[in-house]
Amino acid sequence: MTPPPSDPAAPPVTGAALAARIRAGELTAVAATQRALAQLDALNPALNCFIDTFPDQSLARAATIDKARADGAPLGPLAGVPIALKDNMCLSWGRTTCASKMLADYRSPYTLTAGQRLIDAGAIIVGKANMDEFAMGSSGESSFFGPTRNPLDHSRVPGGSSSGSAAAVAADIVPVALGSDTGGSIRQPAGLSGVVGMKPTYGRVSRYGLVAYASSLDQIGPLARTVEDCALILETICGVDPADGTTADLPAPSLLATLNDPIDRPVIGVPKQAHDPHNHPGVVNALGDAIDAFVRMGARIVEVDLAHVAHGIAAYYLVASAEASSNLARFDGVRYGHRATLQPGDELLDLYCKSRAEGFGPEVQRRIMLGTYALSSGYADAYYNTALKVRRLIRRDYDSAFAPNDRMGTPACDAILMPSSPSPAFKLGEKTSDPLAMYLEDVYTVTVNLAGLPAITLPGTPTTVDGVSLPVGMQLIGRAFDEPRLLRIARMLELAGGNRP
Amino acid sequence: MPSPRYTPADIERVTLVLGMEIHVELATRTKVFSRAANPANSRAGHGEASPPNTLIDPVVLALPGSLPILNREAVEMSMMVGIALGCTIAERTKWDRKSYFYPDLPKAYQISQYDMPLCFDGAIDIPNCDDRGEPDPMLGFARIGIIRAHLEEDAGKLLHELPASDARGSTRIDHSIVDLNRAGAPLLEIVTQPDFTSADQAVAFARLLRMICRFLGITEGIMQKGHMRFEPNINCIISLKNGRTATTPITEVKNLNSFRSLKGAIEHELREQPRRWLEDSIEFGPGTKTTRGWNDARNETFLQRSKEDAHDYRYFPDPDLPVLEIDDAWRESARASIPELPISRLWRLRKSHGLDAREAIALVEERPVAEFFDQAVSRASDAGVPGDRAGRLVANILLQNGAKRVNERTTEQPTDPSEREEPDDESSTLTVADLGITPAAVGTLAALREKGSISAQSLDILFGLLCDPAHAGADPETLARERNLIIVRDDAAMERWCAQVLADNAPIVDQIKGGKLQAIGRLVGNVMKLSGGTADAAQVRTKLLDMIGVKE
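These numbers were taken from a predicted model, which means no experiment stands behind them.

Considering the overall build of chain B
Next, step 1: Scanning chain B from terminus to terminus reveals 15 helices and 17 strands.
Next, step 2: Counting all 552 residues of chain B, 52% fall into the buried class.
Next, step 3: Restricting the contact set of chain B to residue pairs at least 6 apart, pairs at least 24 apart contribute 71%.
Next, step 4: As displayed, chain B offers around 24800 Å² of accessible surface, 50% of which is attributable to carbon and sulfur atoms.
Next, step 5: Charged side chains of chain B number 66 positive and 81 negative; the gap between the two group centres comes to 3 Å.

Some thoughts on the side chain of Glu152(B)
Residue and element names in this part refer to chain B.
Next, step 1: Along the polypeptide, glutamate 152 turns up in strand S7 (residues 141-153).
Next, step 2: Summary of buried charges: glutamate 152 has no salt-bridge partner, and the nearest side chain of opposite charge, lysine 98, is 5.9 Å away.
Next, step 3: Within the structure, glutamate 152 has its side chain in polar contact with the side chain of glutamine 110 (distance 3.5 Å).
Next, step 4: Setting aside residues no more than four positions away along its own chain, glutamate 152 makes contact with His23, Val32, Gln110, Ile111, Ser112, Ala185, Pro186, Leu187 and Glu189.

Observations concerning the interface of chain B and chain A
Next, step 1: Taken together, the contact pairs 26 residues of chain B with 37 residues of chain A.
Next, step 2: Buried area between chain B and chain A, both sides added, is near 2600 Å², and the carbon and sulfur share of it is 61%.
Next, step 3: Together, Pro64(B), Leu67(B) and Phe101(B) form the three largest contributors to the area buried by chain B at its contact with chain A, with a combined 23%.
Next, step 4: One can count 1 salt bridge joining chain B with chain A.
Next, step 5: With its nearest N and O atoms 3.1 Å apart, the salt bridge here joins Asp320(B) to Arg207(A).
Next, step 6: Along the lines of polarity and charge, the residues of the side of chain B that touches chain A split into 18 nonpolar, 2 polar and 6 charged.

Looking at empty space enclosed by the protein
Next, step 1: This structure, assessed with the given rule, holds 4 cavities of 30 Å³ or more.
Next, step 2: As a volume, the largest cavity reaches approximately 150 Å³.
Next, step 3: Residue composition of the lining of the largest cavity, grouped by class: 10 nonpolar, 3 polar and 5 charged.
Next, step 4: By volume, the second largest cavity is sized at about 90 Å³.
Next, step 5: Together, 13 residues line the second largest cavity, and Ala212(A), Asn327(A), Arg330(A), Gly65(B) and Ser66(B) are the ones closest to its centre.
Next, step 6: Among the residues making up the lining of the second largest cavity, the classes are represented as 6 nonpolar, 4 polar and 3 charged.

Observations concerning the environment of Arg35(A)
Next, step 1: With respect to the secondary-structure elements, Arg35(A) resides in helix H2 (residues 29-47).
Next, step 2: In this structure the C-alpha to C-alpha distance between Arg35(A) and Val174(A), which are 139 residues apart in sequence, comes to 9.0 Å.

Digging into the pairing of strand S6 (residues 219-224) of chain A
Residues and elements named next belong to chain A.
Next, step 1: The element S6 is largely enclosed, with a buried count of 6 among its 6 residues.
Next, step 2: Sheet topology note: the strand S4 (residues 176-181)/S6 ladder contains 6 bridges and is antiparallel. The partner of valine 176 across the bridge, within S6, is alanine 224.

Looking at the sheet that holds strand S5 (residues 196-199) of chain A
Residue and element names in this part refer to chain A.
Next, step 1: What the 11 strands build is an open sheet, ordered S1-S3-S2-S4-S6-S5-S10-S13-S9-S7-S8; its pairing is mixed. Only two strands of the sheet have a single neighbouring strand rather than two, namely strand S1 (50-53) and strand S8 (300-304). Here the average twist between neighbouring strands, direction ignored, is 25°.
Next, step 2: Both strand S7 (residues 267-271) and strand S9 (residues 415-419) contribute to a ladder of 2 bridges, which runs parallel. In the strand pairing of S9, glycine 269 is matched with isoleucine 416.
Next, step 3: Against the sheet, helix H3 (residues 55-70) makes contact with S1 and strand S3 (124-129), and its axis sits at roughly 160° relative to S3, the strand it touches most.
Next, step 4: Packed on one face of the sheet, helix H4 (residues 113-120) meets strand S2 (82-86), S3, S4 and S6 and runs near 175° to S2.

Things to note about the packing of aromatic side chains
Next, step 1: Under the defined criterion, the tally for this structure stands at 22 aromatic pairs over all chains.
Next, step 2: Geometrically, the ring pair formed by Phe54(A) and Trp93(A) is edge-to-face, given 5.8 Å between the ring centres and 70° between the ring planes. A residue pair is termed long-range when its members are at least 10 positions apart, and Phe54(A) in the loop between S1 and H3 and Trp93(A) in the loop between S2 and H4 qualify at 39 residues.
Next, step 3: Accessibility expressed as a relative area gives 3% for Phe54(A), which makes it buried.
Next, step 4: By way of ring pairs, the aromatic residues Tyr106(A), Phe134(A), Phe331(A), Tyr336(A) and Phe360(A) are connected into one cluster.
Next, step 5: The cationic tip of Lys98(B) hangs over the ring face of Tyr313(B); the distance from NZ or CZ to the ring centre is 4.4 Å.

Side note on the confidence of the model for chain B
Interpreting fine coordinate detail is not advised for predicted regions of low pLDDT.
Next, step 1: Averaged over all residues, the pLDDT of chain B is 90; the fraction at 70 or higher stands at 94%.
Next, step 2: The model gives residues 416-427 of chain B a pLDDT under 50, and that stretch makes 21 contacts with residues more than four places away or in other chains.

Quick word on the domain arrangement of chain B
Next, step 1: Each assigned domain of chain B is listed here: domain 1 (10-328), domain 2 (342-482) and domain 3 (491-548).
Next, step 2: Taken over C-alpha atoms, the centre of domain 1 of chain B sits 62 Å from the centre of domain 3 of chain B.

Here is what the cut-offs are and how they apply
- Residues numbered from 1 in each chain as written.
- Chains lettered and ligands numbered in written order.
- Predicted model: local features only at pLDDT ≥ 70, side-chain atom pairs only at ≥ 80, totals over all residues.
- Heavy atoms only, no water.
- Helix = DSSP H or I, 4+ residues; strand = E, 2+ residues; numbered from the N terminus.
- Buried < 20%, exposed > 50% of the residue type's maximum accessible area, 1.4 Å probe, protein only.
- Contact = heavy atoms within 4.5 Å.
- Areas by Shrake-Rupley, 256 points an atom, 1.4 Å probe, with all protein chains shown as cover.
- Lys, Arg positive; Asp, Glu negative; His and termini not counted.
- Charge placed at Lys NZ, Arg CZ, Asp CG, Glu CD.
- Salt bridge = Lys/Arg side-chain N within 4 Å of Asp/Glu carboxyl O.
- Polar contact = N/O pair within 3.5 Å; in protein donor to acceptor, adjacent residues only side chain to side chain.
- Buried area = accessible area lost by both parts, 1.4 Å probe.
- Nonpolar A, V, L, I, M, F, W, Y, C, P; charged D, E, K, R; others polar.
- 1 Å grid on protein atoms, 1.4 Å probe; cavity = no way out; pocket = protein on both sides within 12 Å on 5 of 7 lines; lining within 4 Å.
- Points joined across faces, edges and corners; volume = space filled by probe spheres on them.
- Pairing = 2+ DSSP bridges.
- Axes fitted to C-alpha atoms, helices over the stretch in contact; angles between N-to-C directions.
- Phe/Tyr/Trp six-rings, centres within 6.5 Å; stacked < 30°, edge-to-face > 60°.
- Lys NZ or Arg CZ within 6 Å of the ring centre and 35° of its normal.
- pLDDT = per-residue confidence, 0-100.
- Domains from an automatic or database assignment.

Pasting the structure below:
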């Protein structure tokens, strides 16, 4: 079967639609893969959203799926769907670099659990997506392999740290991608790139094979163009994993089956703190439109008070940096990764210091130093342990919002609505010299990780900046392990909005 | 340098203050946080003999993306030790990261337990030792407090020369090499209160602890392989004749893996600390603790590091490992799997069976032997041997007839000489329980002997036969009949054998008549030979003396 001619004006095909067409025999997996590879070849030189690509393996794998279909063998739910994985996910082929010089030539001997589940479902991994180095950054600019550009405006960042995953989906190279979200690294780039991105509840998806940044916050999740594709991917990768003791031993939820059942008169909480005077006007406008859309659907809007969100950034950067300083200690030049060339007279300490100074970029070094300091004897109480207390208070804020409030007479929220970042995509270089400004990009996302909750960002009303229409991300936060409800509400907003720029 | 203010003559007395940390390598099948085989379990693979860097996986190597998974078997083994040491078992416990850089530590942190140990607040009563150093419950007990016992992972090994097998001539290299086989092996760290009053007591505790741990089956306990490592924390209270007292700084001696070095290190420090204090006047206080190593050849400790260059380990809870909840059912199942332990058995063997301390130790040291003994005694009692005699008879059989054959078999097998340097570190696991003879057979032999049905010689012959697989399961009495080993009470036969032996050995008879009574032994032997072992040697001796006409 010859692939149908690619129509550049045709609307992008979703992963779910692609899988259905391949199952129905309307399209071959090889043709779908060829299209992704052609898009990749055409667009990646400008966007730099891939670190490594696997054209030969992808086509060979697509051919086996087409053969399986021809033989009448059952096909997985993602059979023939091209997908990109963030390059902090270990595959037993290609390189796994974390966009760092430290691992520029590192090859993993094993494949991450989430990736294996995608492969088992028939997905075709076409390449490894660019990212901020070791997932530390909010713009994609800290990559050792150079920044990724926003497909909608090449002078702007796609957001980060899952920069390549967001850009590859936004540019219609692949319908779906995996990212990882430690403090907003899926949701913020999804918002800035105009795609849908979801961080599941902590413990919902195995972290085995995800190179750890901050273990108590990291979670793998999908980036896609629709809520349905997010549900499709999440349903495939979620569930308990004996190789990750932090995965929840709960039955894997059925997400697709209920996706299109609207929730009657949902209660949507809007935090006081979401109306921040520093928000970009376009973000203020998009939040208002999203609230209006929910009101039109019969939702009840209640104000919730996330009083400790103000301390979220401080708590997040202490907890995450502390864990990172420990997680990244293994990159010592002894067993794998970058090892410095030593000079005569150099000792063991020089091997460590030089290898790490040469292998890690400035943002990674900054966080390692911050985290080491926060855990040091005499400072741990003032910094790390205080941050843990704030974390508990933030959790409590969310718990209150998701429980009926007798004093205020308000019901329990079904979801909480707020922006995923305070402004639309910014220019490359705009914030690289001011780490604190970069950290504030995450003000609306980090507390969700600190509380371990599921959240999804989808495109809100776009805004025009310098004559360019830029996407604005709206974030919905759900109850722990209640992804089905969160996705149903997200689907309602998606249907009401139609907000693709 | 402060000038010395006191001289040795000013010292009235020196009191030892001694606590210990003990690391026990648990013999789990796999490592504590991964599925790689554990070198401390020789049945799981090749154990310590495995080629370097073969007992590894992504978790052990700390490859990017790998995650630790807690081994429940290691928790269960740790709980058993905790319970045996009278500890409270935590309802909730967690693991913490202890950070430092070293090439044998792949993650650059060790997963350990900081402030919520699995076991805590215990105590064990250890028997006081007799003058041969054997613990004897009849001499009373001393209580040793247990502060905590926590589960952690071991590090790998950093080598500075090639292993002999790889060397092809020279073992010298200009760099270091790492073997990560041991990395991630489960370690139980036990911390005692400073309750010891002497080096001998500390050694007795160490030996009993090893015995208990081996009894529980939680470690192979081979000292030469580092399965148990001792770290005494030592200081002294110096009482001066002027009424003042001075407390010396604490010294921690690292990684002692023999009882001899443990004793040596404590005694060395007890001698040296008062001398150091006389020189430098430094007393116990913040920042004065030092870490010392042990030089086995020189029989002395040496300074490794002082507190100023101590690490900041930056402990924090490991986010990869959930808090572990231990419910009553799990705790009770661990408790239920604990057998009667050596100290209680020692007490019973001494008190009920009248065995001496050395015999009792020999019979409780290894769990298979201790259980074999109990089963054999029970069988002997069932066969009519009075309770107070059964233990004695079975002990004699096991410690004489049994030990003889264990020695024969052990010397038949080539053993690694390096493992046999210290007699108290016997690593050979061959015991009387492995000979093939059953506890029931031993009990029956004891009963036959008690009834006078077999001679001591016949018992030994039968013991040997019953160890032979050809006679596995045979009834000892039937076997004795088949072999004509039942004592013949036929006086006519006895008379005949004795007469013949006397007639054949006239010169010896003359010697005996001349007063050389000990020559009777040869005649007894000859009669026994004629009887085919069925005669009773004591009876024969009496009969011969009678017939010669000599009185004892």
